[in-house]
Amino acid sequence: MTVRILLAMLRPQHWRDENMAGRAIWEAGAPLSRYSQVAIILHWAIALLILFNLFTGLLHDSVPRAVFAFHVSSGITVLILSVVRIFWRLTHRPPPYPSDMPNWERGLAHLVHFCLYASMLLLPLSGWAMISANPPAGSPGAAYADSIKAPKPPAAAAALPDANKPAAPPSAKRRGPPMFWNLVKLPLIKPLQDIGRTPEGVAAQKEKHEQIETFHGLGGYVMLALLFLHIVGALKHQFIDRQREFARMGIGRPGRVG
Ligand code: HEM
Ligand code: HEM
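Small disclaimer: the values here were computed from a predicted structure and weren't measured. (Residues numbered from 1 in each chain as written. Chains lettered and ligands numbered in written order. Predicted model: local features only at pLDDT ≥ 70, side-chain atom pairs only at ≥ 80, totals over all residues.)

On to the overall build of the protein chain. Check the secondary structure of the protein chain and you find 10 helices and two strands. Shown N-terminal to C-terminal, the secondary structure of the protein chain runs as helices and strands in the order α-α-α-α-α-α-α-β-β-α-α-α. Of all 258 residues assigned to the protein chain, the portion counted as buried reaches 17%. Counting only contacts in the protein chain whose residues sit at least 6 apart along the sequence, the fraction spanning at least 24 positions is 75%. (Helix = DSSP H or I, 4+ residues; strand = E, 2+ residues; numbered from the N terminus. Buried ≥ 20, exposed ≤ 12 C-beta atoms within 10 Å, placed from the backbone. Contact = placed C-beta atoms within 7 Å.)

It is worth spelling out unusual backbone geometry at this point. Of note in the backbone geometry, Trp181 takes a positive phi value of approximately 50° without being a glycine. Of note, Asn182 is a non-glycine position whose phi angle comes to about 60°, a positive value. Assignment of secondary structure puts Asn182 in the loop between β1 (179-180) and β2 (184-185).

Around ligand 1 sit 19 residues in total, of which Ala47, Ile50, His113, Ala234 and Met249 are the nearest. Put simply, the parts of the chain that give the shell around ligand 1 at least two residues each are α3 (37-58), α5 (103-132), α9 (199-240) and α10 (245-248). Of the residues in the shell around ligand 1, the class split is 13 nonpolar, three polar and three charged. (Near = placed C-beta within 6 Å. Nonpolar A, V, L, I, M, F, W, Y, C, P; charged D, E, K, R; others polar.)

Right, let's get into the site of ligand 2. In the neighbourhood of ligand 2, 22 residues make up the surrounding shell, with Gly57, Gly75, Gly127, Gly217 and Gly220 lying closest. Only α3, α4 (65-91), α5 and α9 provide two or more residues apiece to the shell around ligand 2. Tallied by class, the residues present in the shell around ligand 2 amount to 12 nonpolar, nine polar and one charged.

This brings us to the environment of Asp241. Tracing the sequence through the fold places Asp241 in the loop between α9 and α10. With 12 C-beta atoms counted inside 10 Å, the residue Asp241 sits in the exposed group. Spatially, the C-alpha atoms of Asp241 and Met101 are 9.5 Å apart, while their sequence positions differ by 140 residues.

With that out of the way, let us pick up the nonpolar core. In this structure, Tyr35, Val38, Ala39, Leu42, Ile46, Leu49, Ile50, Val78, Leu81 and Met120 together form the largest nonpolar core, which totals 10 residues. For this core, the elements supplying multiple residues, two or more each, are α3 and α4. Those residues in contact with Val78 that lie beyond four places of it in its chain are Ile46, Leu49, Ile50, Asn53, Met120 and Pro124. (Core = buried A, V, L, I, M, F, W, Y, C linked by C-beta atoms within 7 Å.)

For the rest of this paragraph, the subject is the UniProt feature "transmembrane region" (unreviewed entry) in the protein chain. If you check UniProt for "transmembrane region" (unreviewed entry), the listed places come out as residues 41-60, 66-88, 108-131 and 218-235 in our numbering. A distance of 34 Å separates the end C-alpha atoms of residues 108-131, which is 100% helix and 0% strand. Helix and strand shares over residues 218-235 are 100% and 0% respectively, and the end C-alpha atoms of the span are 26 Å apart. (UniProt positions renumbered as here; feature names shortened; annotations may be inferred.)

Below, the structure is given as structure tokens:
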């Protein structure tokens, strides 16, 4: 069912049909106050993935590595689905707000939605840039970065024959290439990766990596704040203003406007 709807999104005929159906109901004066099924599925799929990413990102020191491994795939999926979502939003009319909704609330809702869309693109893009800003595996830059990262062995260990030396700590080892859902290799952003291809570029790349990491981390808190506003707004409309707010996003029966 979900797959059929997602595939239907790829057919221009479907966009026309849905727009025309929406317009016909609109013109009859009683549109359903609900987003299209595709928009609803995308909203909740993206929301679940983002919540997973915020959870694994903010608690990444206490989350098992095997779970954090999905942070990258989930984030890139958010990026892909958000591009589809934004395209869908620009080509489809959203359900109208209740006519008695004050202008300031409409403005605030639009502003928060706009900022949410921006963070749905910028957070995954900055994550992708962050993991790209590392020396390419096998390059002289990678060997140099590893050599300055590896802690010096204590004098006693250095004196041991090779076979008895303790294994290098994991931080000194290159991990494999990042994978997308363990299926395909995730392509990295080459210009960022290439900065550290030679030992001379490693320090500049590290600085860039740290700047992007700070942006990504702060972005997580900004998104959390936006989500707080978003959810408080939805709860206010549903329970204080007694509108069928959740039904607009597919939870419960939608009302009619008119
Ligand atoms: C990571 C989580 C979430 C993100 C990124 C997100 C994002 C968005 C965005 C961008 C819209 C605007 C739709 C448009 O283009 O007009 C929207 C609408 C909406 N969201 Fe969320 N949302 C999230 C979670 C939630 C949750 C947990 C709820 C439930 C309380 C919720 C309820 C709604 C409702 C009711 C609307 C319709 C707003 C309206 O037009 O009246 N969302 N969401
Ligand atoms: C919706 C998408 C995403 C959200 C909400 C998100 C959120 C976060 C947050 C809040 C952190 C913690 C930052 C800190 O403690 O400083 C984090 C860390 C991280 N994120 Fe994301 N992220 C997303 C997408 C991505 C993507 C697409 C990638 C890579 C392709 C990525 C890679 C990372 C990495 C490697 C870290 C660990 C950084 C470190 O070691 O401090 N993230 N993420």
